[in-house]
Amino acid sequence: MNSSIVSNRMKDKVCVITGGASGIGLASAKRLVAEGGVVVIADLDETKGSEVANELGGMFVKTNVADEDSVRNLFSQVIEHYERVDVAFNNAGINPNEDNSVLTTDLSVWAKVQTVNLTSVYLCCKYALEQMVKQKSGSIINTASFVALMGAATSQISYSASKGGVLSMSRELGVQFAKKGIRVNALCPGPVNTPLLRELFAKDPVQAQRRLVHVPRGRFGEPEEIAAAVAFLASDDASFVNAATFTVDGGISAAYVTAE
C-alpha cells in the first residue's frame, strides 16, 4: 500500500475484527493500523492470529464467534484492556461446499452456516453495543455480501440467506441506535480474491469463469480494496453513513450484460 495516501483518521481508535487472521479481516486490520488504529484480532486460529496481532502491535483473543460465552469474553477482554470499543468489524464467516441447492443441502449444514454467519453477528453486535451505548459512540460494520442483493442459480442457499439476515439486522440496528451516537452498516463485497474463494474455485476453473464473466471489471476484488471501504465506514469521514448497504462489488450487482 502507498503510505502517502493513508491518513491518520483512525488515531487511537480500538477496532475489534473477527476473522482478523486472514483474508478481508487481515487486510482490514493492516489498513486500520496504517491509519493509526489499534486492532484486536479475534479468530479461532491461535497461531496466525497471535502472529498478526504481534506484527500489528495489537491484541489477540481466541474467539469462537458462534459461542456466546466466547464472544462475551472477547469484548470483556477488550474493555478490560482498552476501556472502550470504537469499531467492531464483524467479519468472520464460512462458505462450505456442502451448502448448495435447497434440494440437497442437509439441515445440519443449513444450521451451521446460519449460526456462524448470522447468529455470530447478532452476538458480536450485542456485546459491542453494550459498551458503545455507554460511550455514546461507535461504528459497527457487518460483512454481508452481494448475494444478499441478487439471486444465483449456482446456489449456496444457507450462505445467501444468512447474508440477507445480516443485511436486514444491520439496517435495523443502525436505525435503533443512531441517536446513541452509534452507526451500524452492512458491507456487501463482491467476489474477493481470498484464500476461501481461491480454495473454492481452484477446484473447478469452469465454475470460477462462470462467475467471473458477470463482473464488469473482469476480475475478482482484492482484500485491500474491501479494507479501504472498511476504513472509510469505521472513520468519522462516514459520520452520516448509517444503516446503509455499502456495496463494493466491481459493479456485479448492477450488471445485466457486461462489456466484451
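Everything numeric here is computed off the predicted structure, so don't read it as measured data.

### Brief notes about the pattern of salt bridges
Pairing between side chains of opposite charge can happen when their charged atoms approach one another. Scanning all chains against the criterion turns up 10 salt bridges. A salt bridge links Arg9 to Asp237; its shortest N-O distance comes to 2.9 Å. Of this pair, Arg9 sits in the segment before β1 (14–18) while Asp237 sits in the loop between α8 (223–234) and β7 (245–248); the two residues are 228 residues apart in sequence, bridging distant segments of the chain. Under the relative-accessibility criterion, Asp237 is labelled exposed at 53%. For Asp69, the salt bridge is made with Arg72, and the minimal N-O distance between the two is 2.6 Å.

### With respect to the sheet that holds β1
Pairing is parallel across the open sheet formed by 7 strands, whose spatial order is β3-β2-β1-β4-β5-β6-β7. Looking at the sheet topology across the chains shown, the edges are occupied by β3 (59–62) and β7. Ignoring which end each strand starts from, the neighbouring axes of this sheet average 20° apart. Relative to β7, strand β6 (residues 182–189) runs parallel, the two being bridged by 4 bridges. Each bridged residue has a counterpart across the sheet, and for Leu187 the counterpart in β7 is Phe246. Against the sheet, helix α1 (residues 23–34) engages β1, β2 (38–43), β4 (87–90) and β6, with an angle of about 170° to β1. Contacts between helix α5 (residues 157–177) and the sheet are confined to β5 (138–143), β6 and β7, with β6 contributing the most and set at about 160° to the helix.

What counts, and at which threshold
Residues numbered from 1 in each chain as written. Predicted model: local features only at pLDDT ≥ 70, side-chain atom pairs only at ≥ 80, totals over all residues. Heavy atoms only, no water. Salt bridge = Lys/Arg side-chain N within 4 Å of Asp/Glu carboxyl O. Helix = DSSP H or I, 4+ residues; strand = E, 2+ residues; numbered from the N terminus. Buried < 20%, exposed > 50% of the residue type's maximum accessible area, 1.4 Å probe, protein only. Pairing = 2+ DSSP bridges. Axes fitted to C-alpha atoms, helices over the stretch in contact; angles between N-to-C directions. Contact = heavy atoms within 4.5 Å.

Any link to function would need more than the numbers given here.
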